Protein chains: 2
Amino acid sequence: MKKFLLRCLHCGREYCPSEIEYTCPHCGDRLGTLEVIYDRGYLKKAVKRERFEKFSPKGIWQFEALLPVSENGWKPPLLVGNTPLYKSRKLSEKYGVGELFIKDDGRNPTASFKDRASAVAVARAVEKGYDTLFCASTGNAASSLSGLCAASGLKSYIFVPASAPVAKLTQLQVYGARVIPIDGSYDEAFDISMKVGFENNWYCRNSAINPYLLEGKKTGALEIAVQMNWALPDFVFVSVGDGTVLSSFHKGFLDLKEAGLIDEIPIIVGVQAEGADAIIRAYEKGEPFEPEDIEAFSVADSISVGKPRDFLKACVYTKRNKGLFVRVSDEDILNSIIELARATGVFAEPAGATAFAGFKKLHSQGRLSSSSRIVIVVTGNGLKDLKAPQKMLKPLKKVPANLDKVREAIGSDC
Amino acid sequence: MKKFLLRCLHCGREYCPSEIEYTCPHCGDRLGTLEVIYDRGYLKKAVKRERFEKFSPKGIWQFEALLPVSENGWKPPLLVGNTPLYKSRKLSEKYGVGELFIKDDGRNPTASFKDRASAVAVARAVEKGYDTLFCASTGNAASSLSGLCAASGLKSYIFVPASAPVAKLTQLQVYGARVIPIDGSYDEAFDISMKVGFENNWYCRNSAINPYLLEGKKTGALEIAVQMNWALPDFVFVSVGDGTVLSSFHKGFLDLKEAGLIDEIPIIVGVQAEGADAIIRAYEKGEPFEPEDIEAFSVADSISVGKPRDFLKACVYTKRNKGLFVRVSDEDILNSIIELARATGVFAEPAGATAFAGFKKLHSQGRLSSSSRIVIVVTGNGLKDLKAPQKMLKPLKKVPANLDKVREAIGSDC
């Protein structure tokens, strides 16, 4: 019995995983995105609730049976996933909802959700005999790939626009990634990466191109189900840039449903920044989904995407599962970083706090009830971008090194 | 049966925990550092190997029986500890030692080892009825305290020299800490914090003053013992600034020995930067241990301490347990960040990589054998200080957005 096959989301053609690795050759890279489809008989037999722990020393690999990798095969040695799910009574009371949970994925090895995808990419690459991986990214995908490759003794090539901030490139260079700063736009860096990567026979970790990445990311949904004792939330809020993270939550819950482990899929709410809402625009225009490229700008750089490469899955899954979309402003995002940190102790990067901003937006529209159970996914650690929240903070005033002056300053603050 | 008492390390006087909270009134803040001493009968009865898991959803609170807090009392809601211990075959082979493990404590909620101490401080403060805590720090202790306080609904006051870098203060302000920037030195900020904190009846989270902090930190040693299946390493390498982290490893293993869970204590190696070696100097001069204040300078800002406040425990424990000290240069530290990240995927802040630099130093002196089993403690995440490793990285060269030029650039790199 085959564990899984690949199916084109656009034309429906099916492929053997040994036959093809990335996108459907009939539909091309933009539309021919592939889904990993598990054999239903296999799922029902191999996947049981009692196999999973709320907190496993294996991290995401406890879900191996639900992942497109050989079981007991080689795995990268960093502990990925297994991130805490915190219940915040302070926030559920403040907003008058039933329960509110924060999934803190900034606790991954390179401090973002993307490690879930990179771990599966690296496992798959090694299984297929590759010793080098590549991607085009300036952000979390790149640092994640370079960290996982370093730990695994693999080489990584990262194609970035030369304008990327030095701080973002530092993490990559520290991990020993070969960074290629292209004197051009992100899109040019992406296109060059695809040509050079394939002609060198490197494994591709570009979202939307590689269907295995989404499978890694879906472990976020699987962990939520296990950590909530299978009593699923009503709403899951996730920020959306390229579209893969959003799609991965749909796919994770869909796979659990296919396996007979859950009955219903939560309402998954994709949250985009107002200035980078290409996927929402495509969704609102309706089928056939086809985004217009926009000039994106948002303070949440990880989701500031003008030409989303995984729009199709994001739209198709949202429609199929009756998901929702919501836009938030940059100001909402920045305020959310601070409110979330002060209420829960979880310091999120802007894209990480975007999901919380989306929850507040939906709440302000009266679309949540006092019994709603909410999960908010924080996709990256705030240490990745300290400049963003600085915009919202009052500058500090020096106090002379004198006891009375300090007492006075504190008195006025209380 | 009382669970524990407090004993002055200098004069030996014993106190009830209800009687006194911080230092021995007879010996003063500088010398009168207190140890938490557990009742031996209690330890033998309450503490069993089989109670502990390699990976517990409770984090450090699985060791509650070995901590100076009421069992089943209120605990701060962030998941602290439970950080991975990675075995690196690449490094043990390179250096020809038996086994080499990296304990990645950058995976804590605010990305440093200090969360272990702050968690216990916050639990103790709440138990004693406090709603506000304070400390003097610009670094990991401050961000840790402010994060844990935010999560716990407590207030925090942080006293810092006004010259502290903005990036370091951002994390504190995001968490909602009241930051008091004193126009003076760190020592002035410390002294003012002690006066103002106590006159306002806030709970004190200044290392060396508060004996409960070390108890939180000792959970690092307890986790190592459990994660290594009680087959302890021969050497544990830890970086040293004020001295509390070093002391905490001694204390953790000592308590396990007292409880009858281990027979021998590993050789604990305290590693200081050459430019901030006040504790090593005091140790080398011999008893009575009394450091001379020095002008400290090291790239590893978290351990760049000229007036160490917890020197006594560090020296007494090191002598009692036959520990070692070693100095490393700033260049060693910076190189170690990069070597460690590339070999293991663990990106450490400078003080975090200092322990690895110390291992290499001892190795180069021929003091480790091919059977030595090594643990290196990484105390903080590299994202906390991106500027330090930048000093060691080659500036990147732009490549024109042209396929042939990119191919050429990659060819010359291979």
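So, how was this worked out
Residues numbered from 1 in each chain as written. Chains lettered and ligands numbered in written order. Predicted model: local features only at pLDDT ≥ 70, side-chain atom pairs only at ≥ 80, totals over all residues. Heavy atoms only, no water. UniProt positions renumbered as here; feature names shortened; annotations may be inferred. Helix = DSSP H or I, 4+ residues; strand = E, 2+ residues; numbered from the N terminus. Buried < 20%, exposed > 50% of the residue type's maximum accessible area, 1.4 Å probe, protein only. Contact = heavy atoms within 4.5 Å. Areas by Shrake-Rupley, 256 points an atom, 1.4 Å probe, with all protein chains shown as cover. Lys, Arg positive; Asp, Glu negative; His and termini not counted. Charge placed at Lys NZ, Arg CZ, Asp CG, Glu CD. Polar contact = N/O pair within 3.5 Å; in protein donor to acceptor, adjacent residues only side chain to side chain. Buried area = accessible area lost by both parts, 1.4 Å probe. Salt bridge = Lys/Arg side-chain N within 4 Å of Asp/Glu carboxyl O. Pairing = 2+ DSSP bridges. Axes fitted to C-alpha atoms, helices over the stretch in contact; angles between N-to-C directions. Expected span 1.5 Å × (residues − 1). Least-squares fit on C-alpha atoms with pLDDT ≥ 70 in both.

- As annotated in an unreviewed UniProt entry, chain A carries the name Threonine synthase and comes from Kosmotoga arenicorallina S304.
- A UniProt comment under Pathway (unreviewed entry) is attached to chain A, and it reads "Amino-acid biosynthesis; L-threonine biosynthesis; L-threonine from L-aspartate: step 5/5."

**A short note on the overall build of chain A**
So, point 1. In terms of regular secondary structure, chain A is built from 16 helices and 14 strands.
So, point 2. Oriented by its inertia axes, the alpha-carbon framework of chain A measures out at about 75 × 50 × 45 Å.
So, point 3. For chain A, buried positions account for 65% of its 414 residues.
So, point 4. In chain A, 70% of the contacts between residues at least 6 apart in sequence involve partners at least 24 apart.
So, point 5. Split by element, the accessible area of chain A, about 14,700 Å² in all, is 48% carbon and sulfur.
So, point 6. For chain A, the centre of its 55 positive side-chain charges and the centre of its 49 negative side-chain charges are spaced 4 Å apart.

**Topic: the side chain of A:S239**
Residues and elements named next belong to chain A.
So, point 1. Mapped onto the elements of the fold, S239 is located in strand β10 (residues 235-239).
So, point 2. Note on S239: relative accessible area 5%, which makes it buried.
So, point 3. Of the polar contacts made by the side chain of S239, one reaches the backbone oxygen of A351; its length is 3.1 Å.
So, point 4. Ignoring sequence-local partners within four residues, the contact set of S239 consists of V245, V271, I303, A351, T354, A355 and T379.

**Overview of the UniProt feature "binding site: pyridoxal 5'-phosphate" (unreviewed entry) in chain A**
Residue and element names in this part refer to chain A.
So, point 1. The feature "binding site: pyridoxal 5'-phosphate" (unreviewed entry), as annotated in UniProt, sits at N140 and T379 in this numbering. Spanning 240 residues, the annotated positions come together in the fold, the maximum distance between their C-alpha atoms being 9.6 Å.
So, point 2. Mapped onto the elements, N140 comes out in helix α5 (residues 140-152).
So, point 3. Not counting residues within four places of it along the chain, the set of residues in contact with N140 comprises S112, K114, S302, E349 and K384.
So, point 4. When you line up the elements, T379 lands in the loop between β13 (373-378) and α15 (387-390).
So, point 5. Residue T379 is classed as buried on the basis of its relative accessible area, which comes to 8%.
So, point 6. In this structure T379 touches D105, S112, F113, S239, V245, A351 and G352, once residues within four positions along its chain are discounted.

**Remarks on the interface of chain A and chain B**
So, point 1. At the interface, 72 residues of chain A touch 71 residues of chain B.
So, point 2. Buried area between chain A and chain B, both sides added, is near 5,900 Å², and the carbon and sulfur share of it is 67%.
So, point 3. Together, A:R107, A:V174 and A:L383 form the three largest contributors to the area buried by chain A at its contact with chain B, with a combined 12%.
So, point 4. Notably, a salt bridge pairs B:R407 with A:E199, separated by 2.3 Å at the nearest N-O pair.

**What about the pattern of salt bridges?**
Proximity of charged atoms lets side chains of opposite charge pair with each other.
So, point 1. Counted according to the given criterion, the structure contains 56 salt bridges over all chains.
So, point 2. Taking the shortest distance from any N to any O, the salt bridge between A:D255 and A:K251 comes out at 2.9 Å. A residue pair is termed a helical-turn pair when its members lie 3 or 4 positions apart in one helix, as A:D255 and A:K251 do in helix α10 (residues 244-258) at four residues. For the pair shown, A:D255 and A:K251 are each scored as buried.
So, point 3. The salt bridge involving B:E14 is made with B:R7; its shortest N-O contact spans 2.9 Å.
So, point 4. Here B:E14 falls in the partly exposed class, since its relative accessible area comes to 44%.
So, point 5. Judged by its relative accessible area of 29%, B:R7 is partly exposed.
So, point 6. A single network of salt bridges, built from pairs that share partners, joins A:K103, A:D105, A:R116 and A:E223.

**Quick look at the sheet that holds strand β5 (residues 99-104) of chain A**
All names here are of chain A.
So, point 1. Here six strands make up an open sheet; going across it, the order is β4-β5-β13-β10-β11-β12 and the pairing mixed. Lying at the two open borders of the sheet, with one neighbouring strand each, are β4 (85-87) and β12 (324-328). Across the sheet, the mean angle from the axis of one strand to that of its neighbour is 25°, orientation sign disregarded.
So, point 2. Looking at chain direction, β10 and strand β11 (residues 267-273) are connected through five bridges and run parallel. In the sheet register, V236 faces β11, and the bridge partner there is I268.
So, point 3. Against the sheet, helix α9 (residues 219-227) touches β4, β5 and β13, its axis set at about 135° to β5.

**Some remarks on the UniProt feature "modified residue: N6-(pyridoxal phosphate)lysine" (unreviewed entry) in chain A**
So, point 1. Under the present numbering, the feature "modified residue: N6-(pyridoxal phosphate)lysine" (unreviewed entry) in UniProt falls on A:K114.
So, point 2. Tracing the chain through its elements places A:K114 in the loop between β5 and α4 (115-127).

**Overview of the side chain of A:S118**
Residues and elements named next belong to chain A.
So, point 1. As for its position among the elements, S118 is in helix α4.
So, point 2. By relative accessible area, which is 0% here, S118 ends up buried.
So, point 3. The residues contacting S118, other than those within four sequence positions of it, are A141, S144, L145, L148 and R205.

**Some details on helix α5 (residues 140-152) of chain B**
Residue and element names in this part refer to chain B.
So, point 1. The first and last C-alpha atoms of α5 sit 18 Å apart over 13 residues, in line with the 18 Å expected at 1.5 Å per residue.
So, point 2. Of all 13 residues making up α5, 13 are buried, and the element is well covered by its neighbours.
So, point 3. Following α5 by one or two positions, G153 has its phi on the positive side, about 70°.

**A look at the relation of the copies chain A and chain B**
So, point 1. Once chain A has been moved 0.0 Å along the axis and rotated by 180°, it coincides with chain B to within an RMSD of 0.0 Å. On the angle and the small slide along the axis, the relation comes out as a two-fold axis.

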